[in-house]
Amino acid sequence: MIIFMFSELSKSALYRTTAFLLSTGLVILLLILGKSIFIPLAFAAFTAIILAPLCKYLERRGIHPTI
């Protein structure tokens, strides 16, 4: 029964589906294993986005960007 179902799919569709499932699984595995890196990076990016308008305001007022 399963062999009959796969015989209806073309080989390229089967390869595409297999590649998609494997790559999705690999991405999920990397996200799970890399959470100790990705969570601080996400927090840093969020903080930078929130503080960007304040930095631009202070730069317009003449305060050096390093400060």
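As the structure is a prediction and not an experimental result, all values here were calculated from the model.

J.: Summarise the overall build of the chain; cite the residues concerned and give the values.
T.: Counting its secondary structure elements, the chain contains three helices and zero strands. Its helices and strands in sequence order give the chain the pattern α-α-α, from N to C terminus. Counting across all 67 residues of the chain, residues that qualify as buried make up 3%. Within the structure as shown, the chain displays about 6400 Å² of accessible surface, and the carbon and sulfur contribution to it stands at 78%.

J.: How would you sum up the confidence of the model for the chain? Please name residues and give values.
T.: Per-residue confidence for the chain averages 86 on the pLDDT scale, and 85% of its residues sit at or above 70. Between the elements of the chain, mean pLDDT differs from a low of 56, seen in helix α1 (residues 2-8), to a high of 94, seen in helix α3 (residues 35-60).

J.: Talk me through a nonpolar patch on the surface; I want residue IDs and the actual numbers.
T.: Together, F46, I50, L51, L54, Y57, L58, I63 and I67 make up an exposed nonpolar region whose accessible area comes to about 790 Å². Residue placement: F46 occurs in helix α3.

Definitions and cut-offs
- The numbering scheme is per chain: residues are counted from 1 as the chain's sequence reads.
- Local features are withheld for residues below a pLDDT of 70 in this predicted model, meaning they are given only at 70 or higher, and side-chain atom pairs are given and counted only at 80 or more; totals for whole chains, interfaces and linings count all residues.
- No hydrogens and no water enter the side-chain calculation; it runs on all heavy atoms of the structure.
- Counting from the N terminus, the helices are DSSP H or I runs at least four residues long and the strands are E runs at least two residues long.
- Each residue is assigned to one of three classes by its accessible area relative to the maximum for its type, calculated with a 1.4 Å probe on protein chains only: buried under 20%, partly exposed between the two thresholds, exposed over 50%.
- Each accessible area is a Shrake-Rupley result for a 1.4 Å probe, and residues are judged covered by the shown protein chains and nothing else.
- Each residue gets a pLDDT score, which is the predictor's confidence in that residue and runs from 0 to 100.
- Patch criteria: residues need more than 30% relative accessible area and no salt bridge. Like-charged residues are merged within 9 Å; nonpolar side chains of Val, Leu, Ile, Met, Phe, Trp and Tyr are merged within 5 Å.
- When a carboxyl oxygen of Asp or Glu lies within 4 Å of a side-chain nitrogen of Lys or Arg, that pair is called a salt bridge.

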